[in-house]
Amino acid sequence: MYVCLCKGVTDTAIKQHVAAGVDSMRELKACTGVGSQCGQCTCQANQILHNELVLQHQCASDLAVSVA
């Protein structure tokens, strides 16, 4: 789904950038332009970013537990 209509940024694109190492709204904005025009998408983009970072952390924790 489109998160930022001004820049044509989708939730999938945000998730891909997080998987590639983006871990802040500042970096996400620099990579995609999300939130740089009207700002209506900022809250939703930030929520997607946060959720993806939490998922990454959980996966890393699960791997650490299974190895130990």
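Residues numbered from 1 in each chain as written. Predicted model: local features only at pLDDT ≥ 70, side-chain atom pairs only at ≥ 80, totals over all residues. Heavy atoms only, no water.

Undergrad: What should I look at first to understand the overall build of the protein in this one?
TA: The helix and strand inventory of the protein stands at 3 helices and 2 strands. Listed by position from the N terminus, the elements making up the protein come as β-β-α-α-α. Oriented by its inertia axes, the alpha-carbon framework of the protein measures out at about 45 × 20 × 15 Å. The long-range share in the protein, meaning contacts at least 24 apart out of those at least 6 apart in sequence, stands at 52%. When the accessible surface of the protein is summed, it comes to about 4,600 Å², and 55% of that surface belongs to carbon and sulfur atoms. The protein carries 4 positive and 5 negative side-chain charges, and their two centres are separated by 14 Å. (Helix = DSSP H or I, 4+ residues; strand = E, 2+ residues; numbered from the N terminus. Contact = heavy atoms within 4.5 Å. Areas by Shrake-Rupley, 256 points an atom, 1.4 Å probe, with all protein chains shown as cover. Lys, Arg positive; Asp, Glu negative; His and termini not counted. Charge placed at Lys NZ, Arg CZ, Asp CG, Glu CD.)

Undergrad: Quick question: what am I supposed to make of the environment of Gln44 here?
TA: Locating Gln44 in the fold gives a position in helix 3 (residues 42-67). Setting aside anything within four residues of it in sequence, one finds Gln44 in contact with Met1 and Val3.

Undergrad: I'm lost on the environment of Lys7 in this one. Help?
TA: Relative to the helices and strands, Lys7 is located in the loop between strand 1 (2-4) and strand 2 (9-10). C-alpha separation for the pair Lys7 and Val18, spaced 11 residues apart in sequence, amounts to 18 Å. Excluding anything up to four places from it in sequence, Lys7 contacts Thr32, Gly33, Ser36 and Gln37.

Undergrad: Explain helix 1 (residues 11-19) here, please?
TA: Residues spaced three or four apart along an α-helix face the same direction, because each turn holds 3.6 residues. Every buried residue belonging to helix 1 is among Asp11, Ala13, Ile14 and Val18, and all of these are buried. Projected down its long axis, helix 1 shows its buried positions confined to an angular sector of 160°, all on one face. Exposed side of helix 1, more than 90 degrees from the buried face: Gln16 and Ala19 are the residues found there. Among the residues trailing helix 1, Gly21 stands out with phi positive, at a value near 120°. (Buried < 20%, exposed > 50% of the residue type's maximum accessible area, 1.4 Å probe, protein only. Arc of directions from axis to C-beta.)

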